[in-house]
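Summary of structural features
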Amino acid sequence: MITPTWKLYEKGKDHKRRLGLYERVRENERFYRGDQWHGVNTETLPKPVFNVVRRVIDFLICSVASDRYTVSYTDEDLPFKGEGSLAEAVKGALALMNKNAAYRWERCRMNDLVYALLTDAAISGDGVAYCYWDTEVESGRYRGDIAVQTLDSVNLFVADMNRADIQSQEYVLLSGRCSVDALRREARGFGLGEREIAKIRPDDDYADGAGDYSASELSDGGDGKATYLVRFFRENGRVVYEKSVRECVLCRIVTDCKLYPVAYFNWNRAKNCFHGASPISEMIPSQKYINRAYAMVMKHMTDSAFSKVIYDKSRIPEWNGGVGEAIAVVGAPNVSDTVDVIQPGKMESGYLGLIENAISTTKELMGATETALGNITPTNTSAILALREGSKLSLGRIESALSQCIEDIANIWMDMMCAYYPSDRLLAYREGEKTLAAGVDFPLLKSCLIRARVDVGESERYSASAVLNMLDKLLEGGFITLEEYLEHMPDGILPTRRALLAKHTGGIETNERE
């Protein structure tokens, strides 16, 4: 008998099919990857790929992402606690949690995950992060810790598909594929009987994954793969974790967590829809035109770039001129008509200009101007920097949505630590080059109204060339000394900068190299 969770899963897939989400994600992923002639039968035309999509999307991702995120925790109830020992204990615990958050950020490789989230959001419209308890992770003397991974938006289902919010949903459902052997071992670990375990069977439910390669599974001669479902819902304010397959529930665990362990954001929000819109979708028609226009140019140049010889076949039996190849005719009336030459055809001069205009306009409308991409000569540094800053204004909403998603992840970390960590577990953190550990009062934090905050440090506003250009002008104008010039020179420009600086300042680092 099919489980109730599987029925919810089928209902969610039907809704995504009506939205056209599966095919849209596959098409977007193809164009980003460079497979832009998929399903097009043009035997007579070449199939060039001028991947404007990837150039623009990579620029947008790198413009939004930052490697300077700082997670901090505060107690919104702290102002009402006064200045007593309780308030001091809370402040001390939060200070340790802030240090541990920085340590966890590195341990979970969150900078890489941010780029993965943005890439998923650019392709599918949604970036989804899933926090889970990994029993195989070793953290110091402890086994098991919190882990984070990205999920494809096609594998995320919620109760209300018209509300763009996770925590207010009646349930959150995740789907995935796993080998039948692994699922059966997991079921035995949860204590299921062999009769129930026999219901875990391979299936062919792989057609609705993200991208073309989701349907290509390894044929290893084993029992194959099966789709598993993880459903989260609340009972009496506590999150319940349930894992199941089509006809069998593997486990159902009532946790002490209050938050669903899933965070997500939209690249472009769609009105009254849980899923967002991808920037690639609006670029695909222009990308198709650019590729086809260039293909026709190539075809024209191939067919007519070289002159062709016309000869009278009745007088000259055979002609082998190669390249443009000769054209045989019969019955030329005049001797002068026995051999002639057809000059190469000429293409409309404005056609290539139209293609270039299509490329530049597409980039400009997506915010990836030539100035922002760095494809201009840096003659006026201040103006270039101002134009770059202006081109990034349209990305402010996406930066805000991403920051909110990271805050949600940090709140989930706190919720899971209070739920899963024993009271005597030590938290690791870094002090300079050292890794230290200290205990924290988790029951105390659980009674507080803890909220996470994410601060985004300003990214490098100036490139190395812009900084060097500015330093040159300051030195030429006499506003700085040579020592100050060398001190502020960007790293990697002059390998012996420190040694040269030490020599001019009378130091002893004459052999030091950067």
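Residues numbered from 1 in each chain as written. Predicted model: local features only at pLDDT ≥ 70, side-chain atom pairs only at ≥ 80, totals over all residues. Heavy atoms only, no water.

Topic: the sheet that holds strand E4 (residues 156-158)
One open sheet accounts for five strands, arranged E4-E5-E6-E7-E8; its pairing is antiparallel. Whereas interior strands pair on both sides, the edge strands pair on one side only; in this sheet they are E4 and strand E8 (249-254). Averaged over neighbouring strand pairs, the angle between their axes works out to 20° when direction is ignored. Bridging between strand E6 (residues 225-235) and strand E7 (residues 238-244) involves seven bridges; their strand directions are antiparallel. Counterpart to Arg234 in the pairing with E7 is Val239. (Pairing = 2+ DSSP bridges. Helix = DSSP H or I, 4+ residues; strand = E, 2+ residues; numbered from the N terminus. Axes fitted to C-alpha atoms, helices over the stretch in contact; angles between N-to-C directions.)

A closer look at a nonpolar patch on the surface
Together, Met470, Leu474 and Phe479 give the surface a local cluster of nonpolar side chains, amounting to about 300 Å² of exposed area. The topology assignment puts Phe479 in the loop between helix H14 (464-476) and helix H15 (482-487). Take Phe479: its relative accessible area is 65%, and that puts it in the exposed class. (Patch = residues over 30% accessible without salt bridge, like charges linked within 9 Å, V, L, I, M, F, W, Y side chains within 5 Å. Areas by Shrake-Rupley, 256 points an atom, 1.4 Å probe, with all protein chains shown as cover. Salt bridge = Lys/Arg side-chain N within 4 Å of Asp/Glu carboxyl O. Buried < 20%, exposed > 50% of the residue type's maximum accessible area, 1.4 Å probe, protein only.)

Things to note about the environment of Leu117
Following the sequence through the fold, Leu117 ends up in helix H5 (residues 110-124). Taking the relative accessible area as the measure of exposure, Leu117 reaches 0% and is therefore buried. Sequence-wise, Leu117 and Leu402 are 285 residues apart; in three dimensions their C-alpha atoms are separated by 8.7 Å. The residues touching Leu117, leaving out its near neighbours within four places in the chain, are Gly127, Val128, Ala129, Thr150, Phe265 and Cys405. (Contact = heavy atoms within 4.5 Å.)

Re the confidence of the model for the chain
Taken as a whole, the chain shows an average pLDDT of 85; of its residues, 83% reach a score of 70 or greater. Note that pLDDT drops below 50 for residues 508-514; the model gives that stretch 15 contacts with residues more than four away or on any other chain. (pLDDT = per-residue confidence, 0-100.)

As for the nonpolar core
Membership of the largest hydrophobic core comes to 95 residues, with the highest contact counts inside it found for Ile57, Tyr73, Leu118, Ile166, Leu174, Trp413 and Leu445. Broken down by element, this core gets its largest block of residues, 14 residues, from helix H12 (residues 396-420). For Tyr73, the residues in contact, after removing those within four places along its chain, are Leu94, Met97, Asn98, Ala101, Ala410, Trp413, Met414, Ile450, Arg451 and Ala452. Among the nonpolar cores identified, the runner-up in size contains 12 residues, and Trp6, Tyr22, Phe233 and Val240 belong to it. (Core = buried A, V, L, I, M, F, W, Y, C linked by side-chain atoms within 4.5 Å.)

Structural notes on the pairing of E8
Here E7 runs beside E8; their pairing, made up of five bridges, is antiparallel. Paired with Ser244 across the strands is Val249, a residue of E8. Hairpin connection, E7 to E8: the antiparallel pair is bridged by four residues.

Side note on unusual backbone geometry
Unlike most non-glycine residues, Arg109 shows phi in positive territory, near 50°. Assignment of secondary structure puts Arg109 in the loop between helix H4 (85-107) and H5. Relative accessible area serves as the criterion here: at 61%, Arg109 is assigned to the exposed category. Unlike most non-glycine residues, Asn272 shows phi in positive territory, near 55°. Inspection of the secondary structure assignment puts Asn272 in the loop between strand E9 (262-266) and helix H8 (279-304). When its relative accessible area of 56% is taken as the criterion, Asn272 is described as exposed.

Here's the deal with the sheet that holds strand E3 (residues 142-151)
Taking strand neighbours across the sheet as the criterion, the three strands line up as E3-E2-E9 in an open arrangement whose pairing is antiparallel. Each edge of the sheet is formed by a strand with only one pairing partner; in this case those strands are E3 and E9. Mean inter-strand twist for the sheet, computed between neighbouring axes without regard to direction, equals 25°. Pairing geometry for strand E2 (residues 126-139) and E9, over five bridges, is antiparallel. The residue bridging Gly127 from the neighbouring strand is Phe265, located in E9. Along the sheet, H12 makes contact with E2, E3 and E9, crossing E9 at roughly 175°.

Digging into the environment of Thr42
Examined against the element boundaries, Thr42 turns out to sit in the loop between helix H2 (21-33) and helix H3 (52-64). Not counting residues within four places of it along the chain, the set of residues in contact with Thr42 comprises Trp37 and Lys47.

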